[in-house]
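Commentary on secondary and tertiary structure
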Amino acid sequence: MAERLDGTVALVTGASSGIGYATALELASAGARVAVAARRRDRLDELAGRIGTEALVLETDVTSQHEAEAAVEQTVAHFGRLDTVVANAGVMLLGPVVDAPVDEWDRMVDLNLKGLLYTAHAALPHLLSAAESEPRRVADLVLVSSVAGRVARNGSGVYNLTKHGVGAFGEALRQEVTKRHVRVSLVEPGAVDTELSSHVRQEVREQSMQRFAGVERLEAEDIADAIAYIVTRHRRVAVNEVLIRPTEQEG
Ligand code: NDP
């Protein structure tokens, strides 16, 4: 049964659009006070307006270790604690490996791996502390991976690399902290209707998106719902991994 998150604090990275935006709203409606981080301040302000006076806006580039740490520290300074972190910020720049623009690889590694690592590293001491205290005596680090973290595909090599890395890191960290009641969970969405694919180069986009032609995609709220399910379980229940595809998505 779902528990309320009243008295707890959540930080969502990549909250200015898509899955992060929907997750911030969902966690707020479950009772958490929510800090929202991303680079586009106007989007975060609009989201905070929907959440209400309790929301904390953090204009943050998580690829900077300093900024990721500052986002965590400002959340704790403002709200006094940190119980739930959704490390969601990510970018998907698909395309063949041969002749790839290497700056796209840098952007994916910097955000999907290093940004997530910086966020987790800064948050963990606070999550460990929250897990020892009321009201819930459990804390959550949710890592947003992808079906691409399970299945590698021609044309998705470096995105696959980053998301497989998230899964490996998450499982190792889960084993490290689970006895201390910090739950590390992996969420692996299939195709979700967000801005994610808009960053793919035009010449690659049409081809790579063909496999989703006619497929009814998930909505960001579907993933937010799954994340809310994970973090509202009783402290004895750790949902380690959730793979969610659109019903019509085959692979
Ligand atoms: P969006 O592009 O809508 O959201 C990405 C978010 O990441 C935005 O809020 C963006 O905000 C933020 N972001 C980008 N760069 C940075 C940065 N340097 N620092 C902080 N925040 C940053 O896509 P989704 O909501 O779909 O993606 C969210 C996660 O879900 C990603 O990790 C993605 O890999 C994963 N995913 C998505 C799937 C899909 O089909 N949509 C499928 C599987 C996984 P801003 O630009 O304002 O910084």
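Residues numbered from 1 in each chain as written. Predicted model: local features only at pLDDT ≥ 70, side-chain atom pairs only at ≥ 80, totals over all residues. Heavy atoms only, no water.

1. With respect to the overall build of the protein
Helices and strands together make up the secondary structure of the protein, namely seven helices and seven strands. Scanning the protein from its N terminus toward the C terminus, one meets helices and strands in the order β-α-β-α-β-α-β-α-β-α-β-α-α-β. The C-alpha atoms of the protein give a radius of gyration of 17 Å, which matches the 18 Å a tight globule of 251 residues would have. Projecting the C-alpha coordinates of the protein onto the three principal axes gives extents of approximately 50 × 35 × 30 Å. (Helix = DSSP H or I, 4+ residues; strand = E, 2+ residues; numbered from the N terminus. Rg over C-alpha atoms; globule rule 2.2 N^0.38 Å.)

2. Focus on the nonpolar core
With 35 residues, the main nonpolar core has Leu27, Val34, Val36, Ile223 and Ile227 as its most contacted residues. Elements that contribute at least two residues to this core include exactly β1 (9–13), α1 (18–29), β2 (33–38), α2 (41–51), β5 (139–144), α7 (220–231) and β7 (241–244). In terms of residue count, the dominant contributor to this core is α7 (seven residues). With 31 residues, the next largest nonpolar core counts Leu11, Val72, Val76 and Leu116 among its residues. (Core = buried A, V, L, I, M, F, W, Y, C linked by side-chain atoms within 4.5 Å. Buried < 20%, exposed > 50% of the residue type's maximum accessible area, 1.4 Å probe, protein only.)

3. So, the pattern of salt bridges
Going through the model one piece at a time under the given rule, you end up with 14 salt bridges. The partner of Arg81 in a salt bridge is Asp83, and the shortest N-O contact between them spans 2.7 Å. An identical accessibility class is assigned to Arg81 and Asp83; each is buried. Residue Asp140 pairs with Arg183 through a salt bridge whose shortest N-O separation is 2.9 Å. (Salt bridge = Lys/Arg side-chain N within 4 Å of Asp/Glu carboxyl O.)

4. So, the environment of Met108
Residue position: Met108 is located in helix α4 (residues 102–130). Once you skip the residues sitting within four places of it in the chain, Met108 turns out to touch Val91, Met92, Leu93, Leu113, Val158, Tyr159 and Thr162. (Contact = heavy atoms within 4.5 Å.)

5. A word on the environment of Ala28
By secondary structure assignment, the location of Ala28 is in helix α1. Contacts of Ala28, omitting those with residues within four sequence positions, involve Val34 and Ile51.

6. Let's talk about a negative patch on the surface
On the surface, Asp193, Glu216, Glu219, Glu221, Asp222, Asp225 and Glu248 cluster together to form a negatively charged patch. Mapped onto the secondary structure, Asp225 falls in helix α7. Judged by relative accessible area, Asp225 falls into the partly exposed class, the value being 47%. (Patch = residues over 30% accessible without salt bridge, like charges linked within 9 Å, V, L, I, M, F, W, Y side chains within 5 Å. Areas by Shrake-Rupley, 256 points an atom, 1.4 Å probe, with all protein chains shown as cover. Lys, Arg positive; Asp, Glu negative; His and termini not counted. Charge placed at Lys NZ, Arg CZ, Asp CG, Glu CD.)

7. Describing the packing of aromatic side chains
Applying the stated criterion to the full structure yields zero aromatic pairs. One residue, Arg233, lies across the ring of Tyr229, its end atom 3.8 Å from the ring centre. (Phe/Tyr/Trp six-rings, centres within 6.5 Å; stacked < 30°, edge-to-face > 60°. Lys NZ or Arg CZ within 6 Å of the ring centre and 35° of its normal.)

8. Quick notes on the packing of α1 against α7
Contact geometry for α1 and α7: axes closest at 8 Å, N-to-C directions at 50°. The orientation of α1 with respect to α7, classified from their angle, is oblique. The way α1 lies across α7 gives a crossing that is right-handed. Listed contacts from α7 to Gly18, Ile19, Ala22, Thr23, Glu26 and Leu27 of α1 are Ala220, Glu221, Ile223, Ala224, Asp225, Ile227, Ala228 and Val231. The residue inventory of the contact of α1 with α7, partitioned by class, reads nine nonpolar, two polar and three charged. (Axes fitted to C-alpha atoms, helices over the stretch in contact; angles between N-to-C directions. Parallel < 35°, antiparallel > 145°, perpendicular 65-115°, else oblique. Left-handed = near helix turned anticlockwise from the far one by under 90°. Nonpolar A, V, L, I, M, F, W, Y, C, P; charged D, E, K, R; others polar.)

9. Structural notes on the site of the ligand
The ligand sits among 30 residues. The nearest are Ser16, Ser17, Tyr159, Val192 and Thr194. Contact distances for the ligand include 2.8 Å between an oxygen atom and a side-chain N or O atom of Arg39. A distance of 3.4 Å is found between an oxygen atom of the ligand and a backbone nitrogen or oxygen belonging to Gly190. Protein coverage of the free-state accessible area of the ligand, which is 880 Å², stands at 94%. For the shell around the ligand, the elements supplying multiple residues, two or more each, are α1 and α5 (157–177). Residue composition of the shell around the ligand, grouped by class: 12 nonpolar, 13 polar and five charged. (Near = heavy atom within 4 Å. Polar contact = N/O pair within 3.5 Å; in protein donor to acceptor, adjacent residues only side chain to side chain.)

10. A few points about α7
Compared with an ideal rise of 1.5 Å per residue, which puts 12 residues at 16 Å, α7 spans 17 Å between its outermost C-alpha atoms and is within 8% of the ideal. Among the residues of α7, those classed as buried are Ala220, Ile223, Ala224, Ala226, Ile227, Ala228, Ile230 and Val231. Against α1, β4 (84–87), β5, β6 (182–189) and β7 lie the buried residues of α7. (Expected span 1.5 Å × (residues − 1).)

11. A closer look at α2
Here α2 has its buried residues at Leu44, Leu47 and Ala48. Projected down its long axis, α2 shows its buried positions confined to an angular sector of 100°, all on one face. Turned more than 90 degrees away from the buried face of α2 sit Asp42, Gly49 and Arg50, all of them exposed. Considering only its buried residues, α2 is in contact with α1, β2 and β3 (56–59). Just beyond α2, the residue with positive phi is Gly52, at close to 115°. (Arc of directions from axis to C-beta.)

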